[in-house]
Amino acid sequence: MSDKKKFYLTTAIAYTSGKPHIGNTYEIVLADSIVRYKRFQGYDVRFQTGTDEHGQKIELKAEEAGVTPKQFVDSVSGEIKRIWDLMNTSYDKFIRTTDDYHEKQIQKIFKKLYENGDIYKGFYEGMYCTPCESFFTPSQLVDGKCPDCGREVQPMKEEAYFLKLSKYQDRLIEHINTHPDFIQPESRKNEMMNNFLLPGLQDLCVSRTSFKWGIPVDFDPGHIVYVWIDALSNYITGLGFDVDGEDSLDENGEDLYKKFWPADLHLIGKDILRFHTIYWPIMLMGLGVPLPKQVFGHPWLLQGDGKMSKSKGNVIYADDLVDLFGVDAVRYFVLHEMPFESDGVITWELVTERYNSDLANTLGNLVKRVISMTNKYLGGVAEDKGVTGDVDDNLKEVVTGTVAKVSEKMDKLRVADSLTEIFNLFKRCNKYIDETEPWVLGKDEANKDRLSTVLYNLIEGISVGANLLESFMPETAEKILAQIGAKKRSIEDMDKFGLYENGTRVTEEPETLFARLDVNEVLAKAEEISKAQAAANGDDAEEEDDEEVIDIEKKSEVTIDDFAKLQFQVGKVIECEAVPKSKKLLCSKVKIGSEVKQIVSGIRKYYSPEDMIGKKVMVVTNLKPAKLAGILSEGMILFAEDSEGNLSAMVPEKDVPAGAEIC
């Protein structure tokens, strides 16, 4: 058996209700970059993803499509797998919850929990949200609607089995308190503790009788196993877990469950954190199975011009992006542009801008220039002649020091920051070109050895950078190494300078890795994609695209003197948390110039604490302090309200400093 350190990572399994958009695809690319780097670090990696295929929503969609539920999920699961493969993700297991082994184990898991007394039979009467497949009590609703998605709910009563969450509540709280890395980022842990665990858990409905598309409870066939026991258990059934402890060996004769469990990382979207950090650990406690080591709730990738809508034609899909920019460019954008905790934004313009600035200019132009100069001045062969200059040491320091910075950030799952460090290396190489001016050295034969050393240093820097880039942009890294004739290196050699073999010949015709794009041409193609989407999703799309106009009741006129009494400034939200015992309020710490104000806002229905952190907002800063729900509020954050009552934060058009006056 290998003595390598083990690393088991899972993504959430994608729900088979439709084609995944780029926000869904971000998660699989993020996971892939993490596991590729773990392999680079020498870990024995297991990477699992897949599809969640049961539930009432699937049953309804299949009926609408005129096919069986199995036919429907076969088609959608195949499309999801196609997108994951298109994005060059290196998963080891693609599990489907309709797999025979999974379904049999779910029945055994359900029965085991029932026999242990962790599941009991009763009746559920409450408000049900079909899109979220969740029951809510009236007190949990927000303005009479689903607290998770804001959609309408329907009253429903049915016989059901329940999981005793309350039985394990104290044990789970203790585990979270004694394992500070269990829920990450820190703000997500605070949200789970303050909003769910500390106020007290209600037992969870884990079976349904009102629809049939699911795994039957084998000892009570009128019930089907509800989504969360079914879906969440994939993380162990995909390893061959058996409730009865029977060996389940893979094709290589290995017991993957014994080898890889507990999982090192569940990588999921922040919207399903509750299920993974409360329901799932309690299920595992009931089964006597160790808990995963860490659950990371990543932020969302949002459409820049509003909520994605198929009928509006503004949904961005990975394959459309790949058609215009290529796989690695899309991987680069979603990895580099997503903040660690707050949500990221994607638009066609932003992708084009980043493509041209970082990929075409910083990286692509660097590689092509160095290869072209090596061919032009040195016949394609750069050697280290030992003729050094004052600027060489700093270049070498940056090149050899990058691996430690990248590894440190990757260990903390700060993938965007890791990519930034690698591109800092490439930027340093570009600066070195400006400092050494190879085109000037090439004019004088007496400087040929110095020129050779300069170009050798650049090729060596590019080689190290390309090796580090492989986890994030694998095809690009391979192309770069092939063009400069360099070999792949182990991570142990990343802090060494001078391993590029003297006498190695670069390619004669360097490939343009990323050709600059015209943003207007990209937007024209994006418009074609949008029109095709809208046409495919209903004749009313054009109506929906009309700009909304709202008339409101006019207030009394004020003088300029009245208006001048109010002070408006730009603030930056540096902390935000839900107000305990309130379904509507968030409490934000807002930095305004050199001071920090505490502001309470009734926006919890529209924004999570994570959504607000890092956001630049417009603030009324000289309101008389007042208490809301017993908490002092020292100002007001400004929001716009649409015709349906939805709020949108008023943010500056340009990046202005916190404290700037709004005038």
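Chemist: Residues and numbers for the packing of helix α13 (residues 348–378) against helix α18 (residues 474–484), please.
Modeler: It is at 11 Å that the axes of α13 and α18 come closest, and there the two elements cross at 10 degrees. Between α13 and α18, the angle is such that the two are roughly parallel. Contacts from Leu363, Val367 and Ile371 of α13 reach α18 at Thr476, Ile480, Gln483 and Ile484. Of the residues belonging to the contact of α13 with α18, the class tally is 5 nonpolar, 2 polar and no charged.

Chemist: Which residues make up unusual backbone geometry, and what values do they have?
Modeler: Cis geometry marks the peptide bond from Gln184 to Pro185; its omega dihedral reads -5 degrees. With respect to the helices, strands and loops of the structure, Pro185 is situated in the loop between β8 (183–184) and α6 (186–197). Cis peptide bonds are those with omega within 30 degrees of zero, and the linkage from Trp261 to Pro262 qualifies with 5 degrees. With respect to the secondary-structure elements, Pro262 resides in the loop between α9 (256–260) and β13 (265–269). Positive phi, close to 65 degrees, is recorded for Leu413, a residue that is not glycine. Topologically, Leu413 is positioned in the loop between α14 (392–411) and α15 (415–436). The exposure class assigned to Leu413 is buried, which follows from its relative accessible area of 11%. With a phi close to 50 degrees, Glu437 is a non-glycine residue in the positive phi region.

Chemist: Go over the nonpolar core, please, and point to the residues and values.
Modeler: Counting 102 residues, the largest nonpolar core has Ile22, Ile34, Leu321, Phe325 and Phe514 as the members making the most contacts within it. Per element, the largest residue contribution to this core is 12 residues, and it comes from α13. Setting aside its immediate chain neighbours within four residues, Phe514 contacts Ala329, Tyr355, Leu359, Ala360, Leu363, Met473 and Thr476.

Chemist: Give a description of the sheet that holds strand β10 (residues 207–208) that names residues and reports values.
Modeler: Spatially, β10-β12-β11 is the arrangement adopted by the 3 strands of the open sheet, whose pairing is antiparallel. One side of each edge strand has no neighbouring strand; the edge strands of this open sheet are β10 and β11 (215–216). Sheet topology places β10 next to strand β12 (residues 224–225); 2 bridges connect them, and they run antiparallel. Bridge pairing in β12 links Arg208 to Ile224.

Chemist: Could you give an account of α6, naming the residues involved and the relevant values?
Modeler: Under the 1.5 Å per step criterion, the end-to-end length of α6 is 15 Å for 12 residues, consistent within 8% with the ideal 16 Å. Among all positions in α6, only Ser187, Arg188, Lys189, Glu191, Met192, Met193 and Leu197 are buried. Buried residues along α6 sit against α5 (165–178), β8, α10 (273–287), β14 (295–298) and α22 (609–612).

Chemist: Describe in detail the side chain of Asp255, supporting the description with residues and values.
Modeler: Structurally, Asp255 can be placed in the loop between α8 (234–237) and α9. No salt bridge is formed by the buried Asp255; the nearest opposite charge belongs to Lys258, separated by 4.1 Å. For Asp255, the side chain forms a polar contact with the main-chain nitrogen of Lys258, separated by 3.1 Å. Among all residues touching Asp255, those that are not within four sequence positions of it are Asp247, Ser248 and Leu249.

Rules and cut-offs
Residues numbered from 1 in each chain as written. Predicted model: local features only at pLDDT ≥ 70, side-chain atom pairs only at ≥ 80, totals over all residues. Heavy atoms only, no water. Axes fitted to C-alpha atoms, helices over the stretch in contact; angles between N-to-C directions. Helix = DSSP H or I, 4+ residues; strand = E, 2+ residues; numbered from the N terminus. Parallel < 35°, antiparallel > 145°, perpendicular 65-115°, else oblique. Contact = heavy atoms within 4.5 Å. Nonpolar A, V, L, I, M, F, W, Y, C, P; charged D, E, K, R; others polar. Buried < 20%, exposed > 50% of the residue type's maximum accessible area, 1.4 Å probe, protein only. Core = buried A, V, L, I, M, F, W, Y, C linked by side-chain atoms within 4.5 Å. Pairing = 2+ DSSP bridges. Expected span 1.5 Å × (residues − 1). Lys, Arg positive; Asp, Glu negative; His and termini not counted. Salt bridge = Lys/Arg side-chain N within 4 Å of Asp/Glu carboxyl O. Polar contact = N/O pair within 3.5 Å; in protein donor to acceptor, adjacent residues only side chain to side chain.

Nothing here speaks to function; it is geometry throughout.
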